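The primary structure of each chain is shown beneath.
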Amino acid sequence: MTRKSPDADDGKLTRRHALECMVWAGTGVLWTMSGGVPVARGLLGEAKAATETGFSFLQMSDSHIGFNKAANPDALATLREAVAKVKALAVKPSYIIHTGDITHLSKSSEFDNADQVFGETGLRVHYVPGEHDIIDEARGQAYLDRYGKGSKGAGWYSFDDHGVHFIGLVNVVDLKSGGLGNLGAEQLAWLADDLRDKSSSTPIVVFAHIPLYVLYEQWGWGTEDGTRALALLKRFGSVTVLNGHIHQLAQKVEGNMTFHTALSTAFPQPAPGSAPSPGPMVVPSEKLRSMLGLSSVTVRQTGTPLAIVDSTLDR
Amino acid sequence: MTPQPHHDSRPSDRNFRLAIVLAIATGLGTGVLTARQVLAATAAPAAVTIDNFTFGPANLTVPAGTTVTWTNRDDIPHSVVATDKAFRSAALDTNDSYSFTFRTAGTFAYFCGLHPHMTGKVTVTP
């Protein structure tokens, strides 16, 4: 962003320079959702609309604090870089939604480090756990002690903001042999109850760690009973589902539902089926930051489209 | 990072010692120390490694009394959880191990508690 654009020498704000500023670090895709159909728009116009009419929040995911293997020897450092980007934002987002795997091994020191770095943003963080956040001896108690206040069961909850209903789901607990992510009967009953009084015109944002739909079964990338949750959400005019877990971008639109997975801030994972396993992908160090990042989601007040901008750490 | 100790290696040793004590006690009690009891207490250990989100070998056959040790070679933690909940390891970070001694004959299916699409089976012969 501080890099000087060759065509900005006349001192005027050229389109190219404006794009660099408005879409902070934005190499990513920008698209909007209108009536369930993704519409490509000019980046500048969209960013402007967001700042004028909507409120925005960030999705961050898969920080894996404590990870120090070949794919990224210092996951805390790359989280710090992401947080520096957040602090530099011209328009302050309302909060951060974190879609799980805050830590690598659920250690207290890892949670402490994550809390300290996220604390620097001055923003509230709404968490859901990933499978790496519940492998303490008490199997999830460390997570709940820190982030579970006001949540139900293994840590699910909902809240309302700017007319949008936000739902944080937990699909990493009580996993069954040979299966995928799991929500469980108790959580599904809670979800049905939570949605009962909501009007179908209420925009819904659902966030959970593992993708709610089956993205790649061979690697366990999906949620066993996710379709039951999606069935409960079907009557709503605008549903945005934010997930992590797969450390890469994946987007899908189905009816009024938009699915989005965020980049990790720790390490990339291979595209489905492109490697022997979904394990951390080692890339040349100069390429790493182009595969890590975060997403900015803008909720606009006119109509119900949400705009998502994915950004990488290398710009 | 500090290398992790072998998870549950002490309980296994303890189980092993207990097996010998029981075998001897039973032998003293009845005046006979059967060959099977001795065999059960001295079966050679067996190993399963975890590579690329896969248990290898996925199907292992061992005599009763065998201690099986799982070692994680991946850059991602895994765990070993019996489908019938008979045993469960802690999360195993890279190069961590977990051991369990199979005393009775039968088929024991297990999976990774973090990545449940990873499954394996230990068949224990009498």
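Every value quoted in this text rests on a predicted model; they were computed, and no experiment measured them.

Enquirer: So what exactly am I meant to see when it comes to the overall build of chain A here?
Expert: Scanning chain A for helices and strands turns up eight helices and 13 strands. Out of the 315 residues in chain A, the part that is buried amounts to 47%. Of all intrachain contacts in chain A linking residues separated by at least 6 positions in sequence, the fraction that spans at least 24 positions is 69%.

Enquirer: Quick question: what am I supposed to make of the overall build of chain B here?
Expert: Within chain B, the secondary structure is distributed over two helices and eight strands. In chain B, the succession of α and β elements from N to C terminus is α-α-β-β-β-β-β-β-β-β. Within chain B, the fraction of its 126 residues that count as buried is 33%. Long-range pairs, those at least 24 residues apart, make up 51% of the contacts in chain B with a sequence separation of at least 6.

Enquirer: Explanation requested: the packing of helix 6 (residues 185–195) of chain A against helix 7 (residues 226–233) of chain A in the structure shown.
Expert: Two measures define how a pair of helices packs: the angle their axes make with one another and the distance between the axes. Residue and element names in this part refer to chain A. Running from N to C, helix 6 and helix 7 point in directions that differ by 10°, and their axes come no closer than 10 Å. On the basis of the axis angle, helix 6 is roughly parallel to helix 7. Contacts from Leu188, Leu191, Ala192 and Leu195 of helix 6 reach helix 7 at Arg228, Ala229 and Leu232. Looking at the contact of helix 6 with helix 7 residue by residue, the class counts come to six nonpolar, no polar and one charged.

Enquirer: For this particular structure, what's the right way to read the confidence of the model for chain B?
Expert: It should be kept in mind that the predicted coordinates are not to be read in detail where pLDDT is low. All names here are of chain B. When pLDDT is averaged along chain B, the result is 80, and 67% of the positions lie at 70 or above. Segment residues 1–14: pLDDT under 50, and 18 contacts once partners within four positions in sequence are set aside and those in other chains are kept. Here residues 18–38 is a poorly scored stretch, pLDDT under 50, and it has 13 contacts once near neighbours within four places are set aside; other chains count. ipTM for the predicted complex: 0.82, alongside a pTM of 0.81.

Enquirer: What am I meant to see in the interface of chain B and chain A here?
Expert: Accessible area lost when the parts come together is the quantity often used to give the size of an interface. In this complex, chain B contributes 20 residues to the contact, which on the side of chain A involves 20 residues. A per-class count over the side of chain B that touches chain A returns ten nonpolar, seven polar and three charged.

Enquirer: I keep staring at the nonpolar core and nothing clicks. Help me out?
Expert: Ranked by internal contacts, the top residues of the largest apolar core, which has 84 residues, are Ala82, Leu169, Val170, Val206, Phe207, Ala208 and Val241 of chain A. The dominant element in this core, judged by the number of residues it contributes, is helix 3 (residues 75–87) of chain A, at six residues.

Enquirer: Looking at this model, I keep getting lost on the sheet that holds strand 6 (residues 157–161) of chain A. Mind explaining?
Expert: Either a parallel or an antiparallel arrangement is found when strands of a sheet pair, and the pairing is made through backbone hydrogen bonds. Residues and elements named next belong to chain A. Strand order in the open sheet formed by six strands is 6-7-8-9-11-10, and the pairing between neighbours is mixed. Edge strands, defined here as strands with exactly one partner in the open sheet, are strand 6 and strand 10 (250–254). Neighbour-to-neighbour, the strand axes of this sheet turn through a mean angle of 15°, independent of strand direction. Where strand 9 (residues 239–243) lies against strand 11 (residues 257–261), five bridges are found, and the strand directions are parallel. Residue pairing across strands places valine 241 opposite phenylalanine 259, the latter belonging to strand 11.

Enquirer: Just checking my understanding: could you explain the pairing of strand 1 (residues 46–51) of chain B for this structure?
Expert: When a strand is regular, its side chains alternate between the sheet's two faces. Residue and element names in this part refer to chain B. Where strand 1 meets strand 4 (residues 66–72), five bridges bridge the pair, whose relative direction is parallel. If you follow isoleucine 50 over to strand 4, its bridge partner there is asparagine 72. Sheet analysis places strand 1 next to strand 2 (residues 54–56), joined by three bridges and oriented antiparallel. Across the sheet, residue isoleucine 50 finds its bridge partner in strand 2, namely phenylalanine 55. Between strand 1 and strand 2, which pair antiparallel one after the other, the connecting turn spans two residues, and asparagine 52 there sits at a positive phi close to 50°.

Enquirer: What exactly am I supposed to notice about the sheet that holds strand 5 (residues 81–82) of chain B here?
Expert: All names here are of chain B. The strand order across the open sheet built from four strands is 3-8-7-5, with neighbouring strands paired in mixed fashion. Each edge of the open sheet carries a strand with a single partner, namely strand 3 (59–63) and strand 5. Two strands pair when backbone bridges link them, and strand 3 and strand 8 (residues 119–125) are joined in this way by five bridges, in the parallel orientation. The residue of strand 8 that forms the bridge with threonine 61 is threonine 123.

Enquirer: How should the confidence of the model for chain A be read in this particular structure?
Expert: When the pLDDT values of chain A are averaged, the result is 84; 81% of them are 70 or greater. Segment residues 1–53 of chain A: pLDDT under 50, and 75 contacts once partners within four positions in sequence are set aside and those in other chains are kept.

Enquirer: How should I be thinking about the pairing of strand 6 of chain A in this particular structure?
Expert: Bridge analysis of strand 6 of chain A against strand 7 (residues 164–168) of chain A gives five bridges, and the strand direction is antiparallel. Within the sheet, the bridge partner assigned to aspartate 161 of chain A lies in strand 7 of chain A and is valine 164 of chain A.

Enquirer: Whenever I open this one, the environment of threonine 107 of chain B confuses me. Can you help?
Expert: All names here are of chain B. Examined against the element boundaries, threonine 107 turns out to sit in strand 7 (residues 106–111). On the basis of neighbour count, threonine 107 is assigned to the exposed category, with 11 C-beta atoms found within 10 Å. Separated by 29 residues in the primary sequence, threonine 107 and histidine 78 place their C-alpha atoms 22 Å from one another.

Enquirer: Help me understand the environment of tyrosine 157 of chain A, please; the structure alone is not making it clear to me.
Expert: Structurally, the position occupied by tyrosine 157 of chain A is in strand 6. Discounting residues that sit within four places of it in the chain, tyrosine 157 of chain A has contacts with Gly150, Ser151, Lys152 and Gly168 of chain A.

Parameters at a glance
Residues numbered from 1 in each chain as written. Chains lettered and ligands numbered in written order. Predicted model: local features only at pLDDT ≥ 70, side-chain atom pairs only at ≥ 80, totals over all residues. Helix = DSSP H or I, 4+ residues; strand = E, 2+ residues; numbered from the N terminus. Buried ≥ 20, exposed ≤ 12 C-beta atoms within 10 Å, placed from the backbone. Contact = placed C-beta atoms within 7 Å. Axes fitted to C-alpha atoms, helices over the stretch in contact; angles between N-to-C directions. Parallel < 35°, antiparallel > 145°, perpendicular 65-115°, else oblique. Nonpolar A, V, L, I, M, F, W, Y, C, P; charged D, E, K, R; others polar. pLDDT = per-residue confidence, 0-100. Core = buried A, V, L, I, M, F, W, Y, C linked by C-beta atoms within 7 Å. Pairing = 2+ DSSP bridges.

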